[in-house]
Amino acid sequence: MKQIWYFDEVDLFEVLCPHKYADHVKQSPPMSYHKNDFLFLPNELSQEIYLVVNGKVKVGFYDEEGNENIKIYLSRGEILGEMAYLGEVSHRDFAQVLEEGTQVCKMSVEKVRDLARDYVPFSREIHKKIGNNVRKLERRLEILFFKDSTRRLIELLKDLKEMYEQPSPDGKGPLVVHSLTQQEMANLIATSRKTVAVTLNEFERIGKIELGQGKFWVLDESFFK
């Protein structure tokens, strides 16, 4: 249970007073979802905020022709449905589970607001998470302004490096461990999976990166400047 509402810098299990935390767990325990389940759909009432405990969720919208447009992919420790906290009455987007057994913790908007008012660490972290999501969306729009798909992919890799870089244990160079598939990368930069695959392989061939499953090593840092 200590994983519920856990953020990088604040473990809210330790922040919340025991009786309030126990009450929340009793009313809203973590829920497991099957792949392709929807957490919410457009026009449904926005009444809860969600925290991804593990797995992956995509958030997007449908255009007038019914085409799916992906706005963001979220994984462990990230929140969604945050627009309800900011006053949204009904969802404009959908949220769909991408991995079998994805666990999500839900909290009512009223409880989130109460906690944000009563607990400064919670308020700081919830606003930090909302700000991170906003910055991701803004950055995605910036990337889409690049006309060339190669440059769009470089910018996406640059963002992944900024968010997920860690020291490489084998000394190859900075290691970036992320959760995006090639198809998900393609969705985010408005191109095809084949284009992403071919371009990544070309980056590897010319010695800029080394590819792994759900990760890559940065061999030439100047490539991202």
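All figures in this text were calculated on a predicted structure; none of them were measured in a lab. (Residues numbered from 1 in each chain as written. Predicted model: local features only at pLDDT ≥ 70, side-chain atom pairs only at ≥ 80, totals over all residues. Heavy atoms only, no water.)

1. A closer look at the confidence of the model for the protein
Caution is warranted with low-pLDDT regions, since their predicted coordinates should not be read in detail.
So, point 1. Per-residue confidence for the protein averages 84 on the pLDDT scale, and 87% of its residues sit at or above 70.
So, point 2. Confidence scores differ between elements of the protein, with helix α1 (residues 12-15) showing the lowest mean pLDDT of 44 and helix α7 (residues 193-205) the highest of 97.
So, point 3. This stretch, residues 1-10, has a pLDDT under 50; its non-local contacts, to residues over four places away or in other chains, come to 41 contacts.
So, point 4. In the predicted structure, residues 12-21 sits below a pLDDT of 50 and forms 17 contacts with residues beyond four places in sequence or in another chain. (pLDDT = per-residue confidence, 0-100. Helix = DSSP H or I, 4+ residues; strand = E, 2+ residues; numbered from the N terminus. Contact = heavy atoms within 4.5 Å.)

2. Examining the pairing of strand β3 (residues 48-54)
So, point 1. Within β3, five of the seven residues are buried, which leaves the element mostly enclosed by the surrounding structure.
So, point 2. Here β3 runs beside strand β8 (residues 102-108); their pairing, made up of six bridges, is antiparallel. Across the sheet, residue L51 finds its bridge partner in β8, namely C105. (Buried < 20%, exposed > 50% of the residue type's maximum accessible area, 1.4 Å probe, protein only. Pairing = 2+ DSSP bridges.)

3. Notes on the packing of aromatic side chains
We describe a pair of aromatic rings using the distance from one ring centre to the other and the angle between the two ring planes.
So, point 1. Throughout the structure, instances matching the rule amount to five aromatic pairs.
So, point 2. Aromatic pair F38 and F94: ring centres 6.0 Å apart, planes at 75°, arrangement edge-to-face. Residue F38 is found in strand β2 (residues 38-40), and its partner F94 is found in strand β7 (residues 94-97); the two are separated by 56 residues along the sequence.
So, point 3. Classification of F94 by relative accessible area gives buried; the value is 0%.
So, point 4. Here the aromatic cluster, defined as three or more aromatic residues joined through ring pairs, consists of F38, Y62 and F94.
So, point 5. Just above the ring of W217 sits the side chain of K172; from NZ or CZ to the centre is 4.1 Å. (Phe/Tyr/Trp six-rings, centres within 6.5 Å; stacked < 30°, edge-to-face > 60°. Lys NZ or Arg CZ within 6 Å of the ring centre and 35° of its normal.)

4. Overview of a nonpolar patch on the surface
So, point 1. Taken together, F38, L41 and Y62 make up a surface patch of nonpolar side chains, about 240 Å² in accessible area.
So, point 2. Along the chain, the position of L41 falls in the loop between β2 and β3. (Patch = residues over 30% accessible without salt bridge, like charges linked within 9 Å, V, L, I, M, F, W, Y side chains within 5 Å. Areas by Shrake-Rupley, 256 points an atom, 1.4 Å probe, with all protein chains shown as cover. Salt bridge = Lys/Arg side-chain N within 4 Å of Asp/Glu carboxyl O.)

5. Observations regarding the sheet that holds strand β11 (residues 209-212)
What holds strands together in a sheet is hydrogen bonding between their backbones, with the strands either parallel or antiparallel.
So, point 1. The four strands lie next to each other as β9-β10-β12-β11, forming an open sheet whose pairing is antiparallel. Only two strands of the sheet have a single partner each, and these edge strands are β9 (165-166) and β11.
So, point 2. Taken together, the four bridges between β11 and strand β12 (residues 215-218) define a ladder with antiparallel strand orientation. Considered in β12, the bridge of I209 is made with V218.

6. With respect to the nonpolar core
So, point 1. Among the nonpolar cores identified, the biggest contains 24 residues, and L153, L157 and M185 are the most heavily contacted of them.
So, point 2. Within the residue set of this core, elements represented by two or more residues are β5 (68-75), α5 (149-164), α6 (182-189), α7 and β12.
So, point 3. Looking at this core element by element, the count peaks at five residues for α5.
So, point 4. With sequence-adjacent residues up to four places away left out, L153 is seen in contact with M185, I189, V196, T199, L200 and F203.
So, point 5. Judged by nonpolar contacts, the second largest core, of 16 residues, contains V53, C105, M107 and V112. (Core = buried A, V, L, I, M, F, W, Y, C linked by side-chain atoms within 4.5 Å.)

7. Looking at helix α3 (residues 109-118)
So, point 1. By the burial criterion, the buried members of α3 are V109, V112, L115 and A116. The buried residues of α3 all sit within an arc of 125° when viewed along its axis, so they share a single face. Summarising the geometry of α3, the exposed residues directed more than 90 degrees from the buried face are E110 and R117.
So, point 2. Those residues of α3 that are buried are in contact with β3, β8 and α4 (120-144). (Arc of directions from axis to C-beta.)

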